[in-house]
Amino acid sequence: MMEFLLIPWVQAVLKIVVFVLMFVMMLGTVLTLMERKWMSAVQDRIGPNRANLGNFRGHGLLHLAADGLKSIFKEDTIPEGADRLLFTIAPFFAFVSVIVIWAVIPFAGPIGDFKFQIADINTGLLFIFAITSLGVYGAVLGGWSSNSKYALLGAARATSQMLSYEVFLGLSLIGIFMVYGSLQVGTIVEQQNTYWFGDLIPKWGIFTQPVAFVIFFTAMLAETKRLPFDAPEGESEIIAGYFLEYSGMRYAAFMLAEYIAIVGLAALTTTLFLGGYHVPWLHADGFHFLGGHLPLSPWLVAVLQLGSFVTKVIFFCWLTIMIRWTVPRFRFDQIMDLGWKRMLPICLGNIVVTAIVLLIYDWSTAAG
Amino acid sequence: MIAEQYLPVLMLIGLALGLGGMFTLLAIMLGPKRPTDVKRMPFESGMPTEGSGFRRYHVRFYLVAMIFLIFDVEVIFLYPWAVQFRNLGLFGFGELMVFLAVLVLGLVYAWKKGALEWE
């Protein structure tokens, strides 16, 4: 009776429902509230807490429902002279670019044949970055079609910023590909559970490629247009940038896509640099540490790994929010300077240094 | 075999498009529709809109797009090399040096020409 669960596409649908709809979308939605709550904590305020059902306020949790309902029943306006077709399809691009990343993110180690990953495609990150670059279209079409000067300016800024930082994103990952020898996310994560000095220090990306980690995280912040890189949306100068003219549910679509992008940023950083779902020293058959071995059942291991993945993702979500309320916004020329004049040379240098170190390391381990 | 691998990715794209469609439909069907001339004006900080929003913008953005094209294609060329690096050894390292030298030359040229300057 349960045999239909073994059909690949049924599994894929189930994984999409559980991982993407129930985890990613939920976390993205909760982040909208978490951000405001944390902002008020930073600014010594209480934050949103007024939405209520009778006497139940739930520390502002009901604002999630209130915000959603409110934007459904807000008027949906399209400005005069706008290109209605492009105006309509822009939010679609925003969604596609942030959701497809989740195809390759593993949530826990495999149990038997079952993978906690929607699709372990062999072109892996190359394919994923190809799709996520579509996010630029969401910004440029939304801004261009609005017939508004602020939106056009926001779109121009968003495009050049996202395009520029895509280069550094790609370049910073080359070191990771060199170390782990694969584009496939599953392989990269597995490789991060090998250890230096017997079984002391895990070969996490953050230890093998510390420079790449800093550059990748910064470039991801710029890709998702988070502060300090939010010149395309700077609300005090160009109001909301490229989605200025959007209202109601279409505006909510852009906002939700942006918060899902933050979860995606956190998950990608976790997967590539913090060992993905791995708990240090935890292997498929239990803990191995300094010669000792604590056997655990595969399901317990999977639960621990799932917990570790979710914890790391939430940590990075928190970090992006904390950065937003710590660092002031860069000017646009500073953003471009930081990218092309600082990060690009550092990226290229990182590749050369990684190559030399790897050559020496492989040569010394081969020699003996 | 390959197609099967990509099926879930297609499903995800479908999900994303469906979400976009759902949000757009909700906006069109449930939102009130009471347009007035003032409401339909593109926002310009409360002042009456002047001229069209489709206007020229600075040529710098075009320059960024050109530099992006050059460097992003280079990145793609480096990917297969990076994956195979540990099997290629010293030969691969030499090739990288030549490739990067050309790339850096391009960067230096663009830098000196002022293509990276803002203001």
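Where the residue is not glycine, phi is negative for most of them; where a peptide bond is considered, it is trans in most cases. Residues and elements named next belong to chain A. Unlike most non-glycine residues, Asp44 shows phi in positive territory, near 60°. Checked against the element boundaries, Asp44 lands in the loop between helix H1 (8-42) and helix H2 (62-72). Backbone geometry at Trp281 places phi at a positive 70°, although glycine is not the residue there. With 17 C-beta atoms packed within 10 Å, Trp281 lands in the partly exposed category.

A word on the pairing of strand S7 (residues 292-295) of chain A. Residues and elements named next belong to chain A. Pairing of strand S6 (residues 286-289) with S7 involves four bridges; the strand directions are antiparallel. Paired with Phe287 across the strands is Leu294, a residue of S7. Linking S6 to S7, which pair antiparallel, is a turn of two residues; within it Leu290 sits at a positive phi near 50°.

We now examine the interface of chain B and chain A. With 58 residues of chain B at the contact, the number on the chain A side is 69 residues. Those elements that provide at least two residues to the side of chain B that touches chain A are helix H1 (2-30) and helix H2 (60-113) of chain B. Ranked by residues supplied to the side of chain B that touches chain A, first place goes to H1 of chain B with 20 residues. A breakdown of the residues in the side of chain B that touches chain A according to their chemical character gives 42 nonpolar, six polar and 10 charged.

Attention now moves to H1 of chain A. Where H1 of chain A bends most, at Leu31 of chain A, the angle is about 30°. Along H1 of chain A, the positions that sit buried rather than exposed are Ala12, Lys15, Ile16, Val20, Val24, Leu27, Gly28, Leu31 and Lys37 of chain A.

Attention now goes to the nonpolar core. One finds Phe95, Ile99, Phe168, Phe216 and Val263 of chain A together with Leu12 of chain B to be the most contacted residues of the largest nonpolar core, which totals 129 residues. With 21 residues, the single largest contributor to this core is helix H6 (residues 149-180) of chain A. Once residues within four sequence positions are removed from consideration, Phe216 of chain A is found in contact with Leu169, Ser172, Leu173, Thr269 and Phe273 of chain A.

To continue, consider the packing of H6 of chain A against helix H9 (residues 210-223) of chain A. Residue and element names in this part refer to chain A. Two elements in contact, H6 and H9, have axes separated by 8 Å at closest approach and are oriented at 155°. Between H6 and H9, the angle falls in the class roughly antiparallel. The two elements H6 and H9 cross, and the hand of that crossing is left-handed. Here H6 contributes Gln161, Met162, Tyr165, Glu166, Phe168, Leu169, Ser172, Leu173, Gly175 and Ile176 to the contact with H9, which in turn contributes Ala212, Ile215, Phe216, Ala219, Met220, Ala222 and Glu223.

Okay, the confidence of the model for chain A next. Per-residue pLDDT for chain A averages 84, and the proportion of residues at 70 or more is 99%. At the level of individual helices and strands, chain A shows its lowest average pLDDT in helix H10 (residues 235-238) of chain A, which scores 72, and its highest in H9 of chain A, which scores 90.

What counts, and where the lines are drawn
- Residues numbered from 1 in each chain as written.
- Chains lettered and ligands numbered in written order.
- Predicted model: local features only at pLDDT ≥ 70, side-chain atom pairs only at ≥ 80, totals over all residues.
- Helix = DSSP H or I, 4+ residues; strand = E, 2+ residues; numbered from the N terminus.
- Buried ≥ 20, exposed ≤ 12 C-beta atoms within 10 Å, placed from the backbone.
- Pairing = 2+ DSSP bridges.
- Contact = placed C-beta atoms within 7 Å.
- Nonpolar A, V, L, I, M, F, W, Y, C, P; charged D, E, K, R; others polar.
- Bend = angle between axes of the 7 residues up to and from the residue.
- Core = buried A, V, L, I, M, F, W, Y, C linked by C-beta atoms within 7 Å.
- Axes fitted to C-alpha atoms, helices over the stretch in contact; angles between N-to-C directions.
- Parallel < 35°, antiparallel > 145°, perpendicular 65-115°, else oblique.
- Left-handed = near helix turned anticlockwise from the far one by under 90°.
- pLDDT = per-residue confidence, 0-100.

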